[in-house]
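Structure assessment
Okay, here's what each chain looks like letter by letter:
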Amino acid sequence: MAATGLEPTQYSLLVACSLTGGATVSKLAEAFVLERSALARNLAVLEKRGLVKVKTGDDRRTRKIALTPFGEATLANALPHWREAQSSVEKKFGAERLQSLLSELRALMEATASD
């Protein structure tokens, strides 16, 4: 992923912005199990790089995040690198072990989501 200039978290945020098509900061923070302030710092970096645009939402208190055309192009360029990285991890760790780990991480997130 280094060739893309994106950190893994930044890539994930771009994917989430792309899939949601303008989610609010609150929704993204909830999806990533992050404090809004931590997410805002990450989004500020992406906005400064011209990858996302932060706009006022339907309510003036909310902010919606959308990919810019440059962000969309960067994400498209990063996808093959992400797939390669995932494939490498799967080969080294084992597909079954990786799926088990991801399943356990999902269960942990669900168990702690209401805290």
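Residues numbered from 1 in each chain as written. Predicted model: local features only at pLDDT ≥ 70, side-chain atom pairs only at ≥ 80, totals over all residues. Heavy atoms only, no water.

With that out of the way, let us pick up the packing of helix α1 (residues 8-20) against helix α4 (residues 69-93). Two quantities define a packed helix pair, namely the angle between the helix axes and the distance between the axes. Here α1 crosses α4 at 125 degrees, and the two axes come no closer than 11 Å. By the angle between their directions, the pair α1 and α4 is classed as oblique. Here α1 and α4 pass one another in a crossing that is left-handed. For the pair formed by α1 and α4, the contact residues are Tyr11, Leu14, Val15 and Ser18 on the first element and Leu75, Ala78, Leu79 and Trp82 on the second. When its residues are assigned to classes, the contact of α1 with α4 shows 7 nonpolar, 1 polar and no charged. (Axes fitted to C-alpha atoms, helices over the stretch in contact; angles between N-to-C directions. Helix = DSSP H or I, 4+ residues; strand = E, 2+ residues; numbered from the N terminus. Parallel < 35°, antiparallel > 145°, perpendicular 65-115°, else oblique. Left-handed = near helix turned anticlockwise from the far one by under 90°. Contact = heavy atoms within 4.5 Å. Nonpolar A, V, L, I, M, F, W, Y, C, P; charged D, E, K, R; others polar.)

As paired strands, strand β1 (residues 52-56) and strand β2 (residues 63-67) are joined by 5 bridges and run antiparallel to one another. By the bridge assignment, Lys53 is partnered in β2 with Ala66. (Pairing = 2+ DSSP bridges.)

It is worth spelling out the environment of Thr74 at this point. Counting through the fold element by element, Thr74 comes out in helix α4. Taking relative accessible area as the criterion, Thr74 reaches 9% and is therefore assigned buried. C-alpha separation for the pair Thr74 and Gly5, spaced 69 residues apart in sequence, amounts to 9.1 Å. Not counting chain neighbours up to four residues away, the residues in contact with Thr74 comprise Leu6 and Leu51. (Buried < 20%, exposed > 50% of the residue type's maximum accessible area, 1.4 Å probe, protein only.)

Another point: α1. Each α-helix winds once per 3.6 residues, and so residues spaced three or four apart point in a common direction. For α1, spanning 13 residues, the distance from its first C-alpha to its last is 18 Å, which sits close to the expected 18 Å at 1.5 Å a residue. Those residues of α1 not exposed but buried are Gln10, Tyr11, Leu13, Leu14, Ala16 and Cys17. In this structure, the buried residues of α1 make contact with α2 (25-32), α3 (36-48), β1, β2 and α4. Once α1 ends, the next one or two residues include Gly21, with phi positive near 60 degrees. (Expected span 1.5 Å × (residues − 1).)

Listing the buried residues of α2 in full gives Val25, Leu28 and Ala29. Down the axis of α2, the smallest arc covering the buried residues is 100 degrees, so these residues share one side. Opposite the buried face of α2, by more than 90 degrees, sit the exposed residues Lys27, Glu30 and Ala31. In this fold, the buried residues of α2 make contact with α1, α3 and β2. The first or second residue beyond α2 is Val33, which carries a positive phi of 50 degrees. (Arc of directions from axis to C-beta.)

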